[in-house]
Amino acid sequence: MDFTKVDHIVSQVEKSINETFPFDSKGDLLVGVDLGTAYIVVVVLDQSSNPIACEMEFAQVVKDGLVVDYIGATRIVRKLKEKLEARLLQSLKRAAIAVPPGTGVKDSQTHRYVVEGAGLEVVSILDEPTAANAVLKVNNGVIVDIGGGTTGLSIIKNREVIYTADEATGGTHLSLVLAGNYRVKFEDAEKIKKDPERKKEVLTIVRPVIQKMSAIIAAHIANYDVDAIYLVGGTCCLEGFEDVVEKEVGITTLKPYNPFLVTPLGIAMNC
Ligand code: ATP
């Protein structure tokens, strides 16, 4: 698969964290809100799905896909919305959101209430790997979204989702292993994990966790004819992550540039 177009648009989202791109102020903008275990990300696109602004905050208000701090989550989404509105000089009205695959109706509604409580009408609720596929446009294969607390999978056949699953494992587990190994606090382990200078030693320490994640992927796809794995989600940013998965599962494993921003972008595209 050629990731050139995907990588270009994702890099535009990345740039739009610090820079507001010009847009036609007539008509509503497309907004995607990703309420994650580790980050809350809000992406804004113009009517042609071009990235124009993005804001995010590290937050622990959602756990394994479930909102555990309703007021905190609403406050952060409202703050990010207001920051974006100040940058765009335009109010944001509607948003799409996403939840891990298999999230129950009641829990999905809680995500909706958080975003509506922050002043955005929710027009679409998708599952996270399906949102990612709005960007990737995979015809056949499995999309694996490894976030902070969850690993979501969607098997795609002829552009249709034929199977979804969600497991409570993610980047938080990598950080916990690093915290134990270095005898440091979780927050410091998070910093070590993301330090490009330490990527080799980090990969050595967390390799067993990635192998466990690979075993989870292998078990879910065992009964399907899957010939490629597409990795998204912040945890897959770790350099060499894809090589461990490919070796363990024995299937071609690909990841786009900055897998962290793919799902939030795909959510906004569905607004
Ligand atoms: P979930 O989807 O599980 O609810 P989330 O939406 O917050 O969680 P993401 O935003 O996709 O998940 O990813 C967050 C995770 O990615 C965190 O565990 C974070 O530490 C990890 N992460 C982010 N950047 C990097 C990086 N450069 N290297 C390694 N891990 C990273």
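Everything that follows concerns the structure shown earlier in this document.
Bear in mind the structure is a predicted one, so any value in this text is a computation, not a measurement. (Residues numbered from 1 in each chain as written. Predicted model: local features only at pLDDT ≥ 70, side-chain atom pairs only at ≥ 80, totals over all residues. Heavy atoms only, no water.)

**Focus on the pairing of strand β8 (residues 141–146)**
Part 1 of the argument: Within β8, six of the six residues are buried, leaving the element largely enclosed by the surrounding structure.
Part 2 of the argument: Burial of β8 is two-sided: the residues Gly141, Ile143 and Asp145 facing one way and the residues Val142, Val144 and Ile146 facing the other way are all buried.
Part 3 of the argument: Relative to strand β9 (residues 151–157), β8 runs antiparallel, the two sharing six bridges. Bridging from a neighbouring strand, aspartate 145 pairs with glycine 152 of β9.
Part 4 of the argument: If you look at the hairpin formed by β8 and β9, you'll find four residues sitting between the two strands. (Buried < 20%, exposed > 50% of the residue type's maximum accessible area, 1.4 Å probe, protein only. Helix = DSSP H or I, 4+ residues; strand = E, 2+ residues; numbered from the N terminus. Pairing = 2+ DSSP bridges.)

**Here we look at the sheet that holds strand β2 (residues 39–45)**
Part 1 of the argument: Taking strand neighbours across the sheet as the criterion, the five strands line up as β3-β2-β1-β6-β7 in an open arrangement whose pairing is mixed. In the strand order of this sheet, the two ends are held by β3 (51–58) and β7 (121–127), each with one partner. The mean angle between the axes of side-by-side strands here comes to 20 degrees, regardless of whether they run parallel or antiparallel.
Part 2 of the argument: When strand β6 (residues 94–99) meets β7, the two strands line up parallel, connected through six bridges. Within β7, the position partnered with valine 99 by the bridge is aspartate 127.
Part 3 of the argument: Against the sheet, helix α2 (residues 70–88) engages β1 (30–35), β2 and β3, with an angle of about 150 degrees to β3.
Part 4 of the argument: In the packing of helix α3 (residues 105–117) onto the sheet, contacts are made with β1, β6 and β7, and the angle to β6 comes to roughly 150 degrees. (Axes fitted to C-alpha atoms, helices over the stretch in contact; angles between N-to-C directions. Contact = heavy atoms within 4.5 Å.)

**Some remarks on the environment of isoleucine 210**
Part 1 of the argument: Position of isoleucine 210 among the secondary structure elements: in helix α7 (residues 199–221).
Part 2 of the argument: Judged by relative accessible area, which is 0%, isoleucine 210 ranks as buried.
Part 3 of the argument: Expressed as a C-alpha distance, the spacing of isoleucine 210 and threonine 4, which sit 206 residues apart in the sequence, is 27 Å.
Part 4 of the argument: Excluding residues that lie within four positions of it along the chain, isoleucine 210 makes contacts with Leu203, Leu238, Phe241, Val244 and Val245.

**Observations regarding the site of the ligand**
Part 1 of the argument: Near the ligand there are 21 residues, and of these Thr37, Ala38, Gly149, Glu190 and Lys193 occur at the shortest range.
Part 2 of the argument: Between the ligand and glycine 149 there is a distance of 2.8 Å, counted from an oxygen atom to a backbone nitrogen or oxygen.
Part 3 of the argument: The backbone of threonine 235 places a nitrogen or oxygen atom 3.2 Å from an oxygen atom of the ligand.
Part 4 of the argument: When the ligand sits alone it has 660 Å² of accessible area, and the protein chains cover 92% of it.
Part 5 of the argument: Mapped by element, the contributors of at least two residues to the shell around the ligand are α5 (171–182) and α6 (186–194).
Part 6 of the argument: Looking at the shell around the ligand, the element that brings in the most residues is α6, giving three residues.
Part 7 of the argument: For the shell around the ligand, the per-class residue count stands at five nonpolar, 11 polar and five charged.
Part 8 of the argument: Formed jointly, the shell around the ligand draws a minimum of three residues from each of two domains, domain 1 (4–132 + 261–269) and domain 2 (139–256). (Near = heavy atom within 4 Å. Polar contact = N/O pair within 3.5 Å; in protein donor to acceptor, adjacent residues only side chain to side chain. Areas by Shrake-Rupley, 256 points an atom, 1.4 Å probe, with all protein chains shown as cover. Nonpolar A, V, L, I, M, F, W, Y, C, P; charged D, E, K, R; others polar. Domains from an automatic or database assignment.)

**Section: unusual backbone geometry**
Part 1 of the argument: We note that arginine 183 has phi near 55 degrees; this positive angle belongs to a residue other than glycine.
Part 2 of the argument: Considering the arrangement of structural elements, one finds arginine 183 in the loop between α5 and α6.
Part 3 of the argument: Of the residues examined, arginine 183 reaches a relative accessible area of 77% and is grouped as exposed.
Part 4 of the argument: Backbone geometry places asparagine 258, a non-glycine residue, at a positive phi of 45 degrees.

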